[in-house]
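Examination of the molecular architecture
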Amino acid sequence: MGIKTVVLAYSGGLDTSVAIKWLIGRYQCKVIAFCADLGQGENLSAIKDKALKSGASKVYMEDIKEEFVKDFVFPMLRANAIYEGRYLLGTSIARPLIAKRQIEIAKKEKADAVSHGSTGKGNDQVRFELTYYALNPDIKVIAPWREWDFTSRKSLINYARKNHIPVYASPERPYSIDRNLFHISYEGGILEDPWKEPPSDMYTMSVPPDKAPDRATYITIDYKNGDPVGLNGKRVSPSILLKRLNDIGGKNGIGRVDMVENRFVGIKSRGIYETPGGTILHIAHRAVESITMDREVMHLRDSLIPRYSELIYYGYWFSPERELLQRIIDGSQKDVTGTVRLRLYKGNCDVAGRKSPFSLYSVEHATFEEDTVYDQKDAAGFIKLNALRLKLRSLMKKRGG
């Protein structure tokens, strides 16, 4: 293929650590490792050293947490995106940003190709590569899992040990883990049996709900045009706000999900997710919308959520259809401004109050007490007109039509 330089999306995990040595051996090329700091909470200096010791000629370490939350997570939250009713898309939304930076680095370094450590069975290979081709249609893509002879994570672990590549995975704890500022996910190992309960020591971001404090925690979140901008009355940046909500939510056991989902390639997969801050923001956003969005606008937007969520899950972030949906969704958010008060208690996140200067909620109209703005007699004509087609259908049936 004439490959001289490859930019590898490098996490420091098992797959990408093996990939550096494999790429060098297979293509006799230079490997530039790119490690994105998305808030995974790891020792990035150690990851850089590992990449260099594994054979990388150069390592890019970039803190892109603020861009991640502001330009990827927040637009997704404005859409209330959720895949198959449960998954808040924490891994899915990180891939297009990582891939975008790979393409930018490849251009800067005049690299011939880009690479990733995703398996040939999963969704991530699609997410990475759709982004690569959307941003550079001429780029060469190398997917080691679709080329090398390794057939399992166990064989990768054995290779890593033989080549003195330090890895955290082991045959006893062979989870595939992905973490960023929005969530952490676990797959593989014992989790491949959907009947078995996840080990209690597996979780990282949250305490078990039954071990959470016995007293509820109350917080407020301020919104402007659909985006959270403040926590407990203080203005904070997107990444700081999400980090603090992760801490608060995690201490209260918020955001654990155990689900079997449908991958894009057609395989069902069991995943365990922790998304404490994201769960809180999802619920809070809905609460502000409930008093600020017109009914028909909300129902129309809600009809777009499954399709929008699929586009992110499948890897079509940089697609014209996702961008079109985003413009429609963002147009619905111009008055989604206000404050929501939340009660966090033992895994539950409940709305305790909401207010907005753009509220469409009218106490005068909604009250069960006496009012002077609504004539209840008007409802009779409203009901008769809406029932007309039903009455005509019934009459037709009585005539035997």
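Throughout what follows, the structure given in this document is the object of discussion. Throughout this description, residue numbers start from 1 for each chain and increase along the sequence as written. pLDDT decides what is reported in this predicted model: residues at 70 or higher carry local features, side-chain atom pairs at 80 or more are listed and counted, and totals for whole chains, interfaces and linings draw on all residues regardless. Derived side-chain values reflect all non-hydrogen atoms in the structure, with water molecules and hydrogen atoms excluded from consideration.

Only DSSP runs of H or I reaching four residues or more are called helices, and only runs of E reaching two or more are called strands; each is numbered from the N terminus. The number of helices and strands found in the protein chain is 12 helices and 14 strands. Along the first, second and third principal axes, the C-alpha atoms of the protein chain reach 80 × 60 × 45 Å. The buried label goes to any residue with under 20% of its type's maximum accessible area, the exposed label to any with over 50%, and the partly exposed label to all in between, with areas taken from a 1.4 Å probe on protein chains only. By residue count, 49% of the 401 residues in the protein chain fall in the buried class. Taking the intrachain contacts of the protein chain between residues at least 6 apart in sequence as the baseline, contacts between residues at least 24 apart amount to 72%. For the protein chain, the computed accessible surface area is about 20,600 Å², with 52% contributed by carbon and sulfur atoms. The charge count includes Lys and Arg as positive and Asp and Glu as negative, but it does not include His or the ends of the chains. Lys charges are placed at NZ, Arg charges at CZ, Asp charges at CG and Glu charges at CD. Of the side chains in the protein chain, 61 bear a positive and 49 a negative charge, and the two mean positions are spaced by 2 Å. Contacts are residue-level and defined by heavy atoms, with any inter-residue pair within 4.5 Å sufficient. What sets the accessible areas is the Shrake-Rupley method with a 1.4 Å probe; for residues, cover comes only from the shown protein chains.

Bringing the sheet that holds strand β2 (residues 30-37) into the picture now. One requirement defines pairing of two strands: DSSP has to find at least two bridges between them. In space, the 5 strands of this open sheet follow the order β3-β2-β1-β4-β5, with parallel pairing throughout. Looking along the sheet, the strands with just one partner apiece sit at the ends: β3 (58-63) and β5 (140-142). Neighbouring strand axes in the sheet, compared pairwise and without regard to direction, differ in orientation by 25° on average. Pairing between strand β1 (residues 5-9) and β2: 5 bridges, direction parallel. Counterpart to Val 7 in the pairing with β2 is Ile 32. Only the stretch in contact is used when fitting a helix axis, every axis being a line fitted to C-alpha atoms; angles between N-to-C directions are given from 0 to 180 degrees.

With that out of the way, let us pick up the pattern of salt bridges. In the sections that follow, a salt bridge refers to a side-chain nitrogen of Lys or Arg positioned within 4 Å of a carboxyl oxygen of Asp or Glu. Enumeration over the complete set of coordinates arrives at 24 salt bridges. With its nearest N and O atoms 2.6 Å apart, the salt bridge here joins Lys 58 to Glu 109. Linking Lys 58 in strand β3 with Glu 109 in helix α4 (residues 95-109), this pair joins segments that are 51 residues apart in sequence. With relative accessibility at 37%, the residue Lys 58 sits in the partly exposed group. Its salt-bridge partner being Arg 286, residue Asp 302 comes within 3.2 Å of it at the nearest N-O pair. Taken together, the positions of Asp 302 in helix α9 (residues 295-314) and Arg 286 in helix α8 (residues 276-292) put the pair 16 residues apart, joining distant regions of the chain. Connected through salt bridges with shared partners, the residues Glu 62, Glu 67, Lys 100, Arg 101 and Glu 104 form a single ionic network.

It is worth spelling out the nonpolar core at this point. Among buried residues, those of type Ala, Val, Leu, Ile, Met, Phe, Trp, Tyr and Cys that are joined through side-chain atoms within 4.5 Å constitute a nonpolar core. Counting 70 residues, the largest nonpolar core has Phe 68, Ile 221, Ile 280, Leu 281, Tyr 308 and Leu 342 as the members making the most contacts within it. Setting aside residues up to four positions removed in sequence, Leu 342 forms contacts with Thr 217, Tyr 218, Ile 219, Ile 221, Ile 280, Ile 283, Ala 284, Cys 349, Asp 350, Val 351 and Ala 352. If you look at the next biggest cluster of nonpolar residues, it comprises 28 residues, including Val 18, Ala 19, Cys 35 and Ala 56.

Among the secondary structure elements, Arg 263 is positioned in the loop between β11 (256-262) and β12 (268-274). Given a relative accessible area of 19%, Arg 263 falls into the buried group. Here Lys 121 takes part through its backbone oxygen, which lies 3.3 Å from a polar atom of the side chain of Arg 263. Polar contact is defined as a pair of N or O atoms within 3.5 Å, subject to the rule that within protein one atom must be able to donate a hydrogen and the other to accept it, and that residues adjacent in sequence are counted only when both atoms are side-chain atoms. Of note is the side chain of Arg 263, whose polar atom sits 3.1 Å from the side chain of Ser 269. Apart from the residues lying within four places of it in its own chain, the contact partners of Arg 263 are Lys 121, Gly 122, Asn 123, Glu 187, Ser 269 and Tyr 313.

Here we have 4 strands laid out as an open sheet, ordered β6-β7-β12-β11, and antiparallel in their pairing. Lying at the two open borders of the sheet, with one neighbouring strand each, are β6 (176-179) and β11. Strand-to-strand twist of the sheet, defined as the mean angle between neighbouring strand axes without regard to direction, takes the value 20°. Summarising the sheet, β6 and strand β7 (residues 184-187) pair through 4 bridges and their orientation is antiparallel. Each bridged residue has a counterpart across the sheet, and for Arg 179 the counterpart in β7 is Ile 184.

Here we take up the packing of aromatic side chains. Aromatic rings from Phe, Tyr and Trp, taking only the six-membered ring of Trp, are treated as a pair when their centres fall within 6.5 Å; an angle between ring planes under 30 degrees marks them as stacked, one over 60 as edge-to-face, and anything in between as tilted. Under the criterion given, the structure shown has 14 aromatic pairs. Taking 6.1 Å as the distance between ring centres and 80° as the angle between the ring planes, the aromatic pair formed by Trp 22 and Tyr 27 counts as edge-to-face. With respect to class, Trp 22 is no different from Tyr 27; both count as buried. Ring centres of Phe 150 and Tyr 159 lie 4.9 Å apart, and the angle between their planes is 65°; on these two criteria the pair is classed as edge-to-face. Accessibility expressed as a relative area gives 18% for Phe 150, which makes it buried.

The next point concerns the packing of α4 against helix α5 (residues 124-135). Two elements in contact, α4 and α5, have axes separated by 9 Å at closest approach and are oriented at 45°. The angle between α4 and α5 places the two elements in the oblique class. Considering how the two elements wind past one another, α4 and α5 form a crossing that is right-handed. Residues Arg 95, Pro 96, Ile 98, Ala 99, Lys 100, Gln 102 and Ile 103 of α4 form the contact with α5, whose participating residues are Asp 124, Arg 127, Phe 128, Thr 131, Tyr 132 and Leu 135. Residue classes follow a fixed rule: Ala, Val, Leu, Ile, Met, Phe, Trp, Tyr, Cys and Pro count as nonpolar, while Asp, Glu, Lys and Arg count as charged, and any other residue, Gly among them, counts as polar. Of the residues contributing to the contact of α4 with α5, the split by class is 7 nonpolar, 2 polar and 4 charged. To sort the angles, those under 35 degrees are grouped as roughly parallel, those over 145 as roughly antiparallel, those from 65 to 115 as roughly perpendicular, and the leftovers as oblique. Handedness of a crossing follows from how the near helix is turned relative to the far one, being left-handed for an anticlockwise turn of less than a right angle and right-handed for a clockwise one.

Moving on, we come to the environment of Ala 81. Mapped onto the elements of the fold, Ala 81 is located in the loop between α3 (65-78) and α4. On the accessibility criterion, Ala 81 (4% relative accessible area) is buried. It is 14 Å that separates the C-alpha atoms of Ala 81 and Tyr 316, two residues lying 235 residues apart in sequence. Once residues lying within four places of it in the same chain are set aside, the contact partners of Ala 81 are Met 76, Leu 88, Leu 89, Ile 305, Tyr 308 and Ser 309.

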